[in-house]
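Examining the three-dimensional arrangement
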Amino acid sequence: MSALSSLSAAVERTVHTHAARMATAVIALVIAFLWIPIAVLVFMSFAAGGVLSFPPEQLTLEWYRVFLTNDAAIDAIVTTITISVPATIITVTLSTMIAYAIDRYVFPGRDWLQMLATLPIIVPLVVTGVAMVLFFNGTLGLPEYVSVVVAHVIRTIPFATLVILPTFLTFDRRLEEASKDLGADELRTFWQVTLPNIFPGIVAGGLLAFTLSFNEFVYTYFVKGSGDPTLPVYIWNQIRYNVTPEVNVISVVFLVVAVTMVLVAVSLTRVDLLTRQ
Amino acid sequence: MAGRSDAGSAIGDRIDAITAYFRSRPRLRTLVVAGPPYAVLVLFFAIPLLVMLVVSFQTSEIGGPWTLSNYTNFLTSETYLTVVWQTLVISLQVTAIIAVVGYALAYSIVRFSRRTTLLLLLVILPFWTSYIIRMYAWINILQSDGVLDSTLNLFGLPAVGLLYSQPAVLIGFTYVWLPLAILPFYASLTNLDPDLIEASKDLGAGPIRTFTSVTLPMTKNGVITGLILTFIPTFGSFITPRLLGGTNNIMIGMVIENQFKSAFNWPFGAAIGMVISVVVVALLILATRFGGGLFGQRSQGGAEA
């Protein structure tokens with residue numbers, strides 16, 4: 001018994017002395033785990049031998065040329081953007097309304113609204129994807145383009161709301177009081193006082209919504225018929241049926257889009273807003 | 001000029017009249033703001049799920065006769081039950097890995113690092129790139145003679161060729177969910193009052209004791225949220241097992257994908273979707289019991305009374 005407790009004391013002491021070093025090691029290892037695959041993709045996009053060789057013998061820009069002259073890939077990017085841009089605009093509008101309603105009004109069903117705006121993150125994508133294909137394509141017979149845009153809106157609302165809501169919560173309400181004291185009504189106060197103040201949050205929410213929509217695969221894969229593939233669907237077909245070195249270049253495209261959007265979004269808000277529960 | 005300004009003031013009057021109208025009707029005002037997003041979420045998210053429930057009880061198409069056969073076929077098939085079991089096992093393994101690695105990382109960042117924002121950004125950024133691309137990166141790394149094997153060779157170690165194995169699936173899932181799961185861990189750890197830890201140490205507890213009796217219990221809600229955010233999407237996933245798992249690691253999501261993409265048996269696919277939903281709902285109820293706050297703004301929302 002005393003041997004056990006002295007052992008545990010020894011362990012406690014060791015942990016105490018080396019805690020900082022262990023923490024640094026954990027951080028370094030996890031960051032490496034997260035970034036090495038991305039580095040591999042970028043590196044492979046310049047590899048002369050293509051996908052299957054590592055390390056590559058020669059570096060080249062050949063695959064970038066192939067990518068830029070491949071109409072199918074460029075079309076896929078255009079298709080994605082014609083879906084993501086309207087989806088993002090709709091999402092940002094709806095998410096701002098949700099955030100405003102939840103923050104300002106007390107009404108029956110307020111908790112339900114908040115839950116509905118969160119649930120799409122929690123329900124497995126495959127389940128919602130199936131439900132959407134049954135309802136959009138089966139029951140409603142929506143045109144393919146409309147189905148996909150609506151699916152993207154549902155996919156992005158929770159994230160946009162998650163970013164926009166905290167900017168409402170941290171916004172200094174006294175500015176609005178002042179505006180109203182000076183005679184402005186609620187609508188005018190919103191346009192001239194509230195909106196300019198929360199605008200960075202809304203833009204950040206929009207950028208993240210766009211990124212998510214640009215990457216969206218599962219809903220699109222289910223809801224979409226035989227029409228032009230979006231970039232993620234295109235790359236899925238490539239990976240499953242015929243991998244070409246060009247896939248590495250498309251990976252870099254995804255990476256550049258994501259990093260740019262997120263960095264701008266973060267500079268507009270604060271990272272820790274993303275972690276608010 | 002005069003005409004235009006008249007028109008302008010007429011419009012101004014109109015707007016004044018409209019806002020006055022809404023101001024005197026707060027219920028209508030709420031309806032105008034909350035109504036549209038509510039309608040979109042109900043019509044395009046909630047109703048589809050209900051339709052799925054209905055279709056799961058039908059034979060071939062909507063409006064056809066009612067049946068339980070989709071469920072009985074699924075629940076009496078040993079193949080499918082094995083798939084469910086395998087899915088459950090993989091999901092639990094992933095959740096356990098995420099709990100340990102994610103918590104260790106969040107704890108290290110909160111307690112021992114000064115560059116919190118930068119580190120958090122480095123952790124979150126990969127989440128925002130394409131899911132498929134991230135899986136593709138791991139195909140490159142894990143396939144035989146891929147990056148991992150080549151690196152091992154360089155050190156004179158034998159190749160492992162991990163692709164199309166269960167470890168490959170676990171690595172893939174850990175990779176995609178870690179950035180997301182870490183956020184609630186991190187949030188609950190930052191909200192933890194450091195004085196409590198100091199107090200525990202002043203009272204003679206070592207770091208491990210302090211961790212198990214103060215830190216961990218105090219951050220329980222964040223942990224549960226993070227684990228839910230890992231388990232549920234893993235349980236429903238088909239991309240990762242399809243790309244990294246090969247034929248020995250079939251998960252339930254792949255069976256659904258198959259019903260919609262090649263077998264074209266929609267009601268059966270809907271029934272499997274319901275089976276997954278039941279597991280998810282059961283888990284959420286369990287999590288709420290133990291205090292994981294998934295719809296958590298309520299405490300913070302602070303709408304004026």
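Residues numbered from 1 in each chain as written. Chains lettered and ligands numbered in written order. Predicted model: local features only at pLDDT ≥ 70, side-chain atom pairs only at ≥ 80, totals over all residues. Heavy atoms only, no water.

The condition that has to hold: UniProt positions are given in the numbering used here, feature names are shortened, and annotations may be inferred rather than shown by experiment.
By the naming in an unreviewed UniProt entry, chain B is Spermidine/putrescine transport system permease protein, taken from Halopenitus malekzadehii. The annotation that UniProt attaches to chain B under Subcellular location (unreviewed entry) is "Cell membrane". Recorded under Sequence similarities (unreviewed entry), the UniProt text for chain B is reproduced unchanged: "Belongs to the binding-protein-dependent transport system permease family. CysTW subfamily."

Looking at an unreviewed UniProt entry, one finds chain A named Spermidine/putrescine transport system permease protein, with Halopenitus malekzadehii as its source organism. Under Subcellular location (unreviewed entry), UniProt gives the following word-for-word description of chain A: "Cell membrane". The Sequence similarities (unreviewed entry) field of the UniProt record for chain A holds the comment "Belongs to the binding-protein-dependent transport system permease family. CysTW subfamily."

Details of the overall build of chain B
Note the following rule: Helix and strand labels come from DSSP, where a helix needs a run of H or I of at least four residues and a strand needs a run of E of at least two; each type is numbered from the N terminus. Radius of gyration: over C-alpha atoms. The globule rule applied is 2.2 Å multiplied by the number of residues raised to the 0.38 power. Working definition: with a 1.4 Å probe on protein chains only, accessible area under 20% of the residue-type maximum means buried, over 50% means exposed, and in between means partly exposed. Contacts were defined at the residue level, with two residues in contact if any of their heavy atoms lie within 4.5 Å. His is not counted, nor are the chain ends, whereas Lys and Arg count as positive and Asp and Glu as negative. Note that the charge is assigned to NZ on lysines, CZ on arginines, CG on aspartates and CD on glutamates.
When helices and strands are counted, chain B shows 15 helices and zero strands. At 26 Å, chain B has a C-alpha radius of gyration far larger than the 19 Å of a compact globule built from 305 residues. Among the 305 residues that make up chain B, the fraction classed as buried is 49%. Of the contacts formed within chain B by residues at least 6 apart in sequence, a portion of 67% connects residues at least 24 apart. With 17 positive and 13 negative side-chain charges, chain B shows a separation of 5 Å between the mean positions of the two kinds.

Notes on the packing of aromatic side chains
Our working rule: Each aromatic pair joins two rings of Phe, Tyr and Trp (for Trp, the six-membered one) with centres within 6.5 Å, and gets the label stacked for planes under 30 degrees apart, edge-to-face for over 60, and tilted for any other angle.
A complete count under the given rule lists 36 aromatic pairs over all chains for this structure. Aromatic side chains A:Phe222 and B:Phe260 sit 5.9 Å apart centroid to centroid with 80° between the ring planes, which places their arrangement in the edge-to-face category. Of the two residues, A:Phe222 sits in helix 9 (residues 218-223) while B:Phe260 sits in helix 13 (residues 252-261), which places them in two different chains. A residue is classified by how much of its surface remains accessible, and A:Phe222, at 3% relative accessible area, is buried. Site record: aromatic cluster; members linked through ring pairs are A:Phe217, A:Tyr221, A:Phe222, A:Trp236, B:Phe238, B:Phe260 and B:Trp266.

Here we look at the UniProt feature "domain: ABC transmembrane type-1" (unreviewed entry) in chain B
Taking the numbering used here, the UniProt-annotated feature "domain: ABC transmembrane type-1" (unreviewed entry) corresponds to residues 84-287 of chain B. Taken end to end, residues 84-287 of chain B is 78% helix and 0% strand, and its first and last C-alpha atoms sit 21 Å apart.

A short note on the pattern of salt bridges
Pairs can form between side chains of opposite charge once their charged atoms are near each other. The test is simple: Salt bridge, as used here: a side-chain nitrogen of Lys or Arg that lies within 4 Å of a carboxyl oxygen of Asp or Glu.
Per the counting criterion, the structure on display carries six salt bridges over all chains. For the salt bridge of A:Arg155 with A:Glu216, the shortest nitrogen-to-oxygen distance reads 3.4 Å. Placement of A:Arg155 in helix 6 (residues 144-170) and of A:Glu216 in the loop between helix 8 (186-215) and helix 9 is noted, with a sequence separation of 61 residues between them. Neither residue differs from the other here; A:Arg155 and A:Glu216 are each classed as buried. B:Arg242 is the partner of B:Glu257 in a salt bridge, and the nearest nitrogen-oxygen pair spans 2.3 Å. One end of the pair, B:Glu257, is in helix 13; the other, B:Arg242, is in helix 12 (residues 239-245), with 15 residues separating them in the sequence. Residue B:Glu257 is classed as buried on the basis of its relative accessible area, which comes to 2%. Bridged by salt links that share partners, the residues A:Asp103, A:Arg104 and A:Glu176 form one connected network.

What to know about the domain arrangement of chain B
Heads up, the rule is: An automatic or database domain assignment is the source of the domain bounds shown.
Each assigned domain of chain B is listed with its residue range as follows: domain 1 (1-55) and domain 2 (71-294). Its C-alpha centre places domain 1 of chain B at a distance of 41 Å from the equivalent point of domain 2 of chain B.

Some details on the interface of chain B and chain A
Stated precisely, the cut-off is as follows: Note: buried area is the sum, over both parts, of the accessible area (probe 1.4 Å) each one loses when the two are combined.
Every contact between the two is made by 100 residues of chain B and, on the other side, 105 residues of chain A. Summing the contributions of chain B and of chain A, the shared interface buries around 9100 Å²; its carbon and sulfur component is 80%. Taken together, the links from chain B to chain A amount to zero salt bridges. Top contributing element to the side of chain B that touches chain A by residue count: helix 2 (residues 26-55) of chain B, with 21 residues.

A word on the nonpolar core
What counts is decided by this rule: We call a set of buried Ala, Val, Leu, Ile, Met, Phe, Trp, Tyr and Cys residues a nonpolar core when their side-chain atoms join them within 4.5 Å.
In terms of nonpolar packing, the biggest core is built from 169 residues, with A:Leu134, A:Phe217, A:Phe222, B:Trp128, B:Phe173, B:Phe238 and B:Ile239 touching the most fellow members. Here this core spans two domains, and each of domain 1 (1-55) and domain 2 (71-294) of chain B adds at least three residues to it. Sequence-distant contacts of A:Phe222, that is, excluding residues within four places in its chain, are made with A:Val126, A:Gly129, A:Val130, A:Val133, B:Phe238, B:Ile256, B:Glu257, B:Phe260 and B:Lys261.

Describing the UniProt feature "transmembrane region" (unreviewed entry) in chain A
Residues and elements named next belong to chain A. UniProt tags residues 26-52, 72-100, 112-136, 148-169, 190-214 and 249-268 as "transmembrane region" (unreviewed entry). When the span residues 112-136 is considered, its composition is 92% helix and 0% strand, and the gap between its end C-alpha atoms is 23 Å. With 100% helix and 0% strand, residues 249-268 has end C-alpha atoms that lie 29 Å from one another.

Some points on a negative patch on the surface
Residues and elements named next belong to chain B. Going by this rule: For patches, a residue must show more than 30% relative accessible area and have no salt bridge; joins then use 9 Å for like charges and 5 Å for nonpolar side chains, namely Val, Leu, Ile, Met, Phe, Trp and Tyr. Residue exposure ignores everything except the shown protein chains as possible cover, and the areas themselves are Shrake-Rupley values with a 1.4 Å probe.
A contiguous patch of negative charge on the surface is contributed by Asp 193, Asp 195, Glu 198 and Asp 202. Among the secondary structure elements, Glu 198 is positioned in helix 9 (residues 194-202). On the basis of relative accessible area, Glu 198 is assigned to the partly exposed category, the value being 41%.

Describing the UniProt feature "transmembrane region" (unreviewed entry) in chain B
Residue and element names in this part refer to chain B. In the numbering adopted here, UniProt assigns the feature "transmembrane region" (unreviewed entry) to residues 31-57, 83-106, 118-139, 159-178, 223-244 and 264-288. Along residues 159-178 the backbone is 65% helical and 0% strand, and the end-to-end C-alpha distance reaches 27 Å. When the span residues 264-288 is considered, its composition is 92% helix and 0% strand, and the gap between its end C-alpha atoms is 37 Å.

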